[in-house]
Amino acid sequence: MINPPSRPSATNDPEAAPAATGRGGERAILVHLDFPPSAERDALEELCLLARSAGARVCERITGRRSAPHSALFVGPGKAEEIRAAVARHRAGLVVVNHAITPVQERNLERAVCCRVLDRTGLILDIFAQRASTREGKLQVELAQLRHLSTRLVRGWTHLERQKGGIGLRGPGETQLETDRRLIGQRIKTLRRRLERVQAQRAQRRRARHKVPIPTVSLVGYTNAGKSTLFNRLTGAGVHAADQLFATLDPTMRRIELPGQPPVILADTVGFIRHLPHGLVAAFRATLEEVAEADLLVHVVDGAAPDRRAAMAQVDGVLEEIGAGEVPRITVFNKCDLMGCPPHVARGPDGRIDRVWLSAIRGEGLDGLREALAGHFRRRCRRWVLCIPYARAALRARVHRRLAVQEERLEADHWRLTVDAAPEDEGWLAAQPVEAAVLETPSGSGDDAVLARRVASP
């Protein structure tokens, strides 16, 4: 694992002393190759941020172009010699390749450059291992690490293998490589069983929430887009937020109030990234199911990032992969103060707010987001008029907690409440006693009349 960050250095050179790590971090050489037809030179900047988030000290960046990866070294013999010289010059202990490389290429490149080699997937896994704090997060990270490690087993030592002739040494025995594979396979099975239990617990909690249905809103977006800062502004939760990739790993949920609407549950989730390893998506599926089960997604975008369109496309791809592509969403362009534009909102063809520009760090434009959230859930509701006898004060209190009460009047022997009820609340209304009868609905549709008869009947 990469060394943890130490105290930042006072120098202003971002290459010599990254603010996230200081001079105590492991010295690292970054390698990036451009392959046609598309060149992703901007991905090198992201790799630098990943390395610094992991606690590395970036000493040099080496780039190049190839028509295809070298079968043995990935980078080619000439580029490998250049990397070896940079390792010697900076006395680096790590070479990070901004691509997914095969185990054979990794081993050959390590021999060629005389240094430990780590690919992009391994670097992301290291960051996740550092940030995991809950039991579920640690299980998910360990599962992803073991899946990645299982493809990279080599003959590290053989002195216990009984493969040679001689007294007491005959017989096929079991090689160390086979032993490692067997142990890793057993551990993966154990982790899968534990995560299945976690998944069952999450499903049970979701069923409990559905009994008292409170809509769930999930914050999603590219890593370091400002989701946790926005989450703290809306909820006052104090979740860890930092200017680094994957500062938040374990999801957090809090209740927030909306203008003229019942409260909703807001969830802060792990950030996405381009070329997110499929092993991570599979390992974190239990967590990402919370995103797929959400009633609304708030896609937080770093509005000041030059490649924000590519980042949005990456997030859309991950959402499709986890089955959340059809969930309604509102797009939030964060950091509008860096974009040079004031906070504002934009409406879609249906008249609802579907885009919001705000600054989470300054707390500007949050009212526009709250109104967008309230407007989305308001459109799902139908209006009902209830009468509740004065003797049923507890029922009136439950209605106030659960539904959006738009108007309340005192009559001779009862309260008369005009409420907005979501579809999932109408079943609850139908289960209430006759005293809480639905008298009328402004729309007067057939469905409304059916529900009115069901509630008003003994």
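Cut-offs applied
Residues numbered from 1 in each chain as written. Predicted model: local features only at pLDDT ≥ 70, side-chain atom pairs only at ≥ 80, totals over all residues. Heavy atoms only, no water. Pairing = 2+ DSSP bridges. Helix = DSSP H or I, 4+ residues; strand = E, 2+ residues; numbered from the N terminus. Axes fitted to C-alpha atoms, helices over the stretch in contact; angles between N-to-C directions. Phe/Tyr/Trp six-rings, centres within 6.5 Å; stacked < 30°, edge-to-face > 60°. Buried < 20%, exposed > 50% of the residue type's maximum accessible area, 1.4 Å probe, protein only. Lys NZ or Arg CZ within 6 Å of the ring centre and 35° of its normal. Expected span 1.5 Å × (residues − 1). Contact = heavy atoms within 4.5 Å. Left-handed = near helix turned anticlockwise from the far one by under 90°. Nonpolar A, V, L, I, M, F, W, Y, C, P; charged D, E, K, R; others polar.

(A) Just the sheet that holds strand β7 (residues 261-268), in detail. Across the sheet, seven strands lie side by side as β6-β7-β5-β8-β9-β11-β10; this open sheet has mixed pairing. Strand pairing shows two members of the sheet lacking a second neighbour, β6 (252-258) and β10 (344-347), which therefore form its edges. This sheet shows a mean twist of 25° between the axes of neighbouring strands, independent of strand direction. Examined bridge by bridge, strand β5 (residues 216-221) and strand β8 (residues 296-302) share five bridges and lie parallel to one another. Following the sheet pairing, Ser-218 is matched in β8 by Leu-297.

(B) Spotlight on the packing of aromatic side chains. Throughout the structure, instances matching the rule amount to three aromatic pairs. Centre to centre, the rings of Phe-333 and Trp-357 are 5.0 Å apart; their planes meet at 15°, and the pair counts as stacked. One end of the pair, Phe-333, is in strand β9 (residues 329-334); the other, Trp-357, is in strand β11 (residues 353-357), and 24 residues separate them in sequence. Considering the side-chain rings of Tyr-390 and Trp-415, the 4.9 Å spacing of their centres and the 85° angle between planes classify their relative orientation as edge-to-face. Of this pair, Tyr-390 sits in the loop between β12 (382-389) and α13 (393-402) while Trp-415 sits in strand β14 (residues 414-421); the two residues are 25 residues apart in sequence, bridging distant segments of the chain. On the basis of relative accessibility, which here comes to 12%, the residue Trp-415 falls in the buried class. Above the ring of Trp-415, the side-chain terminus of Arg-396 is found at 4.9 Å from the ring centroid.

(C) Molecular detail of helix α1 (residues 43-54). The end-to-end C-alpha distance of α1, which contains twelve residues, comes to 16 Å, matching closely the 16 Å that a straight helix rising 1.5 Å per residue would cover. Summarising burial for α1: ten of the twelve residues are buried, a large majority. All of the buried residues along α1 are Ala-43, Leu-44, Glu-46, Leu-47, Cys-48, Leu-50, Ala-51, Arg-52, Ser-53 and Ala-54. Here the buried face of α1 lies against β1 (26-34), β2 (56-65), β3 (94-97) and α4 (120-131). Positioned one or two residues after α1, Gly-55 has a phi angle of 105°, which is positive.

(D) Looking closely at the packing of α1 against α4. Contact geometry for α1 and α4: axes closest at 9 Å, N-to-C directions at 40°. The handedness of the crossing between α1 and α4 is left-handed. Judged by residue contacts, Glu-46, Leu-47, Leu-50, Ala-51, Ser-53 and Ala-54 of α1 engage Arg-120, Leu-123, Ile-124, Asp-126, Ile-127, Gln-130 and Arg-131 from α4. For the contact of α1 with α4, the per-class residue count stands at seven nonpolar, two polar and four charged.

Limitation: the analysis is restricted to geometry and does not speak to function.
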